[in-house]
Amino acid sequence: MLPSLFSSLSTYLLPSLLSLLSLLSLFLLSTLLAALLPSVLPFPYPPPSPSPTAAVLAGSFNPPHLGHAAMLRHLSLAHASPIAAVGFNPGKRYTVPPAARVAMLEAMLREQNLPRVRVALVPGLVWRWCAREGAKRMYRGVRTWARDGAAERLLLWQNTFFPVVLGPFTRPVPTVFLEGDPRYNHISSTLVRDLCKGGGVTEKVRGEL
């Protein structure tokens, strides 16, 4: 009786188990490759092929500037639902509150005539929010990968492996690094904050930020 039962289980369960292990191995391998081989979109961006998907440009936007606007312009041409996700840690105090950054970003988008870009305030893990929103791609802005890649790699690993570990086994939203327009690569949120502290934001400077 027992030998025949074990034989039946082996006949029906073993192939299914092997298939499951094979799929799991492929999933983990693709996840590892995504973390080891970052996807970088250099400037000038290729002509977009409009995609009927949601895509997110994630950042602190503290504060937003023209470098962000150039990237969001590309997203608005390349995706049906472009989103600027203003990420923040709920347990941290900020000099510029997240809600104020959202208001500044929305004002900048109106000035830049980018009405299709939606701004979202995202507490905690951005990858989890992206998965809930059904986003098919998450972008991170860099000046160039050569300059900023080392600092961004940790976030890439988090966005790639945390969904697998904490999801659990949630497929990561692919991360693409969007290199900046060289005209604005001298601008950073830190520079803007420092200029504001020093009172150095004249109307001429304001127009260049």
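- If you check an unreviewed UniProt entry, the chain appears there as Phosphopantetheine adenylyltransferase from Tetraparma gracilis.
- You can read under Catalytic activity (unreviewed entry) in the UniProt record for the chain the words "(R)-4'-phosphopantetheine + ATP + H(+) = 3'-dephospho-CoA + diphosphate".

**Things to note about unusual backbone geometry**
So, step 1. Here the residue pair Phe-43 and Pro-44 is connected by a cis peptide bond, since its omega of 5 degrees sits within 30 degrees of zero.
So, step 2. Note that Pro-44 resides in the loop between β1 (39–41) and β2 (51–59).
So, step 3. Unlike most non-glycine residues, Phe-61 shows phi in positive territory, near 50 degrees.
So, step 4. Topologically, Phe-61 is positioned in the loop between β2 and α2 (66–78).
So, step 5. For Phe-61, a relative accessible area of 2% gives the class buried.

**A few points about the packing of aromatic side chains**
So, step 1. Tallied over the entire structure, the rule returns 3 aromatic pairs.
So, step 2. Centre to centre, the rings of Phe-43 and Tyr-45 are 5.0 Å apart; their planes meet at 85 degrees, and the pair counts as edge-to-face.
So, step 3. Relative to Phe-161, the ring of Trp-157 has its centre 5.0 Å away and its plane inclined at 40 degrees; by these criteria the two rings are tilted. Separated by 4 residues within a single helix, Trp-157 and Phe-161 lie in helix α5 (residues 145–166), roughly one turn from each other.
So, step 4. Trp-157 sits in the partly exposed class, given a relative accessible area of 32%.
So, step 5. Owing to a relative accessible area of 21%, Phe-161 belongs among the partly exposed residues under this scheme.
So, step 6. One cation-aromatic arrangement involves Arg-101 over Tyr-94; the distance from NZ or CZ to the ring centre is 4.7 Å.

**Digging into the side chain of His-79**
So, step 1. Its place among the elements puts His-79 in strand β3 (residues 79–88).
So, step 2. Here the side chain of His-79 touches Thr-53 through a polar contact of 3.1 Å, side chain to side chain.
So, step 3. Here Tyr-139 takes part through its side chain, which lies 2.9 Å from a polar atom of the side chain of His-79.
So, step 4. Ignoring sequence-local partners within four residues, the contact set of His-79 consists of Ser-51, Thr-53, Ala-55, Arg-116 and Tyr-139.

**Let's talk about the sheet that holds strand β4 (residues 118–123)**
So, step 1. Spatially, the 6 strands line up as an open sheet ordered β1-β6-β5-β2-β3-β4, and their pairing is parallel. The sheet is open, and its two borders are formed by β1 and β4, each paired with just one other strand. Direction aside, the axes of adjacent strands within the sheet are offset by 30 degrees on average.
So, step 2. In terms of strand pairing, β2 meets β3 through 7 bridges, oriented parallel. Within the sheet, the bridge partner assigned to Leu-57 lies in β3 and is Ala-84.
So, step 3. Running at roughly 150 degrees to β3, helix α3 (residues 98–111) makes contact with β3 and β4 of the sheet.

**Quick notes on the nonpolar core**
So, step 1. Counting 21 residues, the largest nonpolar core has Leu-57, Leu-72, Leu-105, Leu-109, Tyr-139 and Leu-178 as the members making the most contacts within it.
So, step 2. When contributions to this core are tallied by element, the ones reaching two or more residues are β2, α2, β3, α3 and β6 (175–179).
So, step 3. Ignoring any residue separated from it by four or fewer positions in sequence, one finds Leu-105 in contact with Phe-61, Pro-64, Leu-72, Ala-84, Val-86 and Val-119.
So, step 4. In terms of nonpolar packing, the next biggest core, distinct from the first, is built from 12 residues, Ile-83, Ala-85, Ala-120 and Val-126 among them.

**Brief notes about α3**
So, step 1. Taking 1.5 Å of rise per residue, the 14 residues of α3 would be expected to cover 20 Å, and the 20 Å separating its terminal C-alpha atoms lies within 8% of that figure.
So, step 2. Among the residues of α3, Pro-98, Arg-101, Val-102, Leu-105, Met-108 and Leu-109 are the ones counted as buried. Taken around the axis of α3, the buried residues stretch over an arc of 130 degrees, which confines them to a single face. Along α3, the residues that are exposed and aim more than 90 degrees away from the buried face are Ala-99, Arg-110 and Glu-111.
So, step 3. Residues of α3 that are buried in the fold lie against α2, β3 and β4.
So, step 4. Positioned one or two residues after α3, Asn-113 has a phi angle of 55 degrees, which is positive.

Analysis parameters
Residues numbered from 1 in each chain as written. Predicted model: local features only at pLDDT ≥ 70, side-chain atom pairs only at ≥ 80, totals over all residues. Heavy atoms only, no water. UniProt positions renumbered as here; feature names shortened; annotations may be inferred. Helix = DSSP H or I, 4+ residues; strand = E, 2+ residues; numbered from the N terminus. Buried < 20%, exposed > 50% of the residue type's maximum accessible area, 1.4 Å probe, protein only. Phe/Tyr/Trp six-rings, centres within 6.5 Å; stacked < 30°, edge-to-face > 60°. Lys NZ or Arg CZ within 6 Å of the ring centre and 35° of its normal. Polar contact = N/O pair within 3.5 Å; in protein donor to acceptor, adjacent residues only side chain to side chain. Contact = heavy atoms within 4.5 Å. Pairing = 2+ DSSP bridges. Axes fitted to C-alpha atoms, helices over the stretch in contact; angles between N-to-C directions. Core = buried A, V, L, I, M, F, W, Y, C linked by side-chain atoms within 4.5 Å. Expected span 1.5 Å × (residues − 1). Arc of directions from axis to C-beta.

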